[in-house]
Amino acid sequence: MLDKILEFFGFRPTPPPPPPPPPDEDFKLRLIRLHNEYRADHGESALALDFKLDTAAQKHSQWMYDNGRMSHNEGSRDPGDRITEEGYKWSTYGENIAAGYDTPEDVFDGWVHSPGHRANILRGGFKDVGFGIVGKYWTVDFGAKANFGDHMPEGITKEGWSEPVPPPPEPFIPYPPL
């Protein structure tokens, strides 16, 4: 009924914008190349693309796009929860997010010029990586798998054992205006 009244007075609801097209796979290839070249230049080993981390990152970028905001947490779910839900059994993890960048090169440049993000990129304990891109929302999830088999040491759960790398403080997340 309200729609009809508003329409009578000349107000028409604006339809929501169509969802962005899925990212070109070339974006992810460019991102992994940028990360691994930067790590190699700083004496760190290359990261391997992991499907489970990739899925977690893609879903998080979709969540940020759907909600129109950047955050490491989806309500009470933090990156470790989201990564675990995809079946990645981590010993450590980290996450970089950004919004507003157009290209992999631009977002990577923003990350390497932010101390917390650069620390994640260069952390030697990370072995795997996954990327998510929806619209101008970017996520990279880093991890290293727990490798205890069926013999978990006392006090260690199947979800992980070391403290996760805390995300950089929100004010230091670089992003240009959308």
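Residues numbered from 1 in each chain as written. Predicted model: local features only at pLDDT ≥ 70, side-chain atom pairs only at ≥ 80, totals over all residues. Heavy atoms only, no water.

**Points about the overall build of the protein**
Thought 1: A tally of regular secondary structure across the protein gives 6 helices and 4 strands.
Thought 2: Written out in order from the N terminus, the α and β elements of the protein read α-α-β-α-α-β-α-α-β-β.
Thought 3: Counting across all 178 residues of the protein, residues that qualify as buried make up 42%.
Thought 4: Sequence-distant contacts in the protein: of pairs separated by 6 or more residues, those separated by 24 or more amount to 75%.
Thought 5: As presented, the protein carries roughly 10,100 Å² of accessible surface, and 58% of it is formed by carbon and sulfur atoms. (Helix = DSSP H or I, 4+ residues; strand = E, 2+ residues; numbered from the N terminus. Buried < 20%, exposed > 50% of the residue type's maximum accessible area, 1.4 Å probe, protein only. Contact = heavy atoms within 4.5 Å. Areas by Shrake-Rupley, 256 points an atom, 1.4 Å probe, with all protein chains shown as cover.)

**Re the sheet that holds strand S2 (residues 90–99)**
Thought 1: Reading across from one edge, S1-S3-S4-S2 is the order of the 4 strands in this open sheet, with mixed pairing throughout. Single-partner strands in this sheet number two, and they are strand S1 (48–49) and S2.
Thought 2: Bridge analysis of S1 against strand S3 (residues 128–134) gives 2 bridges, and the strand direction is parallel. Note that in S3 the partner of alanine 48 across the bridge is aspartate 128.
Thought 3: Sheet strands touched by helix H3 (residues 51–67): S1, S2, S3 and strand S4 (137–145). Its angle to S3, the strand with the most contacts, is close to 30 degrees. (Pairing = 2+ DSSP bridges. Axes fitted to C-alpha atoms, helices over the stretch in contact; angles between N-to-C directions.)

**A short note on the environment of phenylalanine 131**
Thought 1: Structurally, phenylalanine 131 can be placed in strand S3.
Thought 2: Sequence separation between phenylalanine 131 and phenylalanine 51 is 80 residues, and the spatial gap between their C-alpha atoms is 9.4 Å.
Thought 3: Ignoring anything within four residues of it in the chain, the contact list for phenylalanine 131 reads Lys28, Leu31, Ile32, His35, Leu49, Asp54, Ala57, Gln58, Thr139 and Val140.

**A closer look at the pairing of S2**
Thought 1: Within S2, 10 of the 10 residues are buried, which leaves it mostly tucked inside the rest of the structure.
Thought 2: Looking at chain direction, S2 and S4 are connected through 9 bridges and run antiparallel. The partner of isoleucine 97 across the bridge, within S4, is threonine 139.

**Examining the side chain of histidine 60**
Thought 1: With respect to the element layout, histidine 60 can be found in helix H3.
Thought 2: Residue contacts for histidine 60: discarding those within four places in its chain leaves Ser71, His72, Glu74, Arg82, Glu95, Ile97 and Thr139.

**Looking at the nonpolar core**
Thought 1: Formed by 21 residues in total, the largest nonpolar core has its most connected members in Leu31, Val107, Trp111, Ile121, Val129, Trp138 and Phe142.
Thought 2: Of all the elements in the fold, those that place two or more residues in this core are helix H2 (25–41), helix H5 (104–112), helix H6 (115–122), S3 and S4.
Thought 3: Here the element with the most residues in this core is H2; it accounts for 5 residues.
Thought 4: If sequence neighbours within four positions are ignored, valine 107 has contacts with Leu31, Ala98, Tyr101 and Trp138. (Core = buried A, V, L, I, M, F, W, Y, C linked by side-chain atoms within 4.5 Å.)

**Regarding the packing of aromatic side chains**
Thought 1: Counted under the stated rule, the structure contains 5 aromatic pairs.
Thought 2: On the basis of an interplanar angle of 10 degrees and a centroid distance of 5.8 Å, the ring pair of phenylalanine 27 and tryptophan 138 is categorised as stacked. Residue phenylalanine 27 is located in helix H2, and its partner tryptophan 138 is located in strand S4; the two are separated by 111 residues in the primary sequence. Pair check on accessibility: phenylalanine 27 and tryptophan 138 agree, each one buried.
Thought 3: We note arginine 123 situated over the ring of phenylalanine 126; from NZ or CZ to the ring centre the distance is 5.0 Å. (Phe/Tyr/Trp six-rings, centres within 6.5 Å; stacked < 30°, edge-to-face > 60°. Lys NZ or Arg CZ within 6 Å of the ring centre and 35° of its normal.)

**As for the pattern of salt bridges**
Thought 1: Scanning all chains against the criterion turns up 13 salt bridges.
Thought 2: Between lysine 59 and glutamate 86 there is a salt bridge, and its shortest N-O distance comes to 2.8 Å. Taken together, the positions of lysine 59 in helix H3 and glutamate 86 in the loop between helix H4 (79–85) and S2 put the pair 27 residues apart, joining distant regions of the chain.
Thought 3: Connected through shared salt-bridge partners, Asp26, Arg30, Arg33, Glu37 and Glu105 make up one network. (Salt bridge = Lys/Arg side-chain N within 4 Å of Asp/Glu carboxyl O.)

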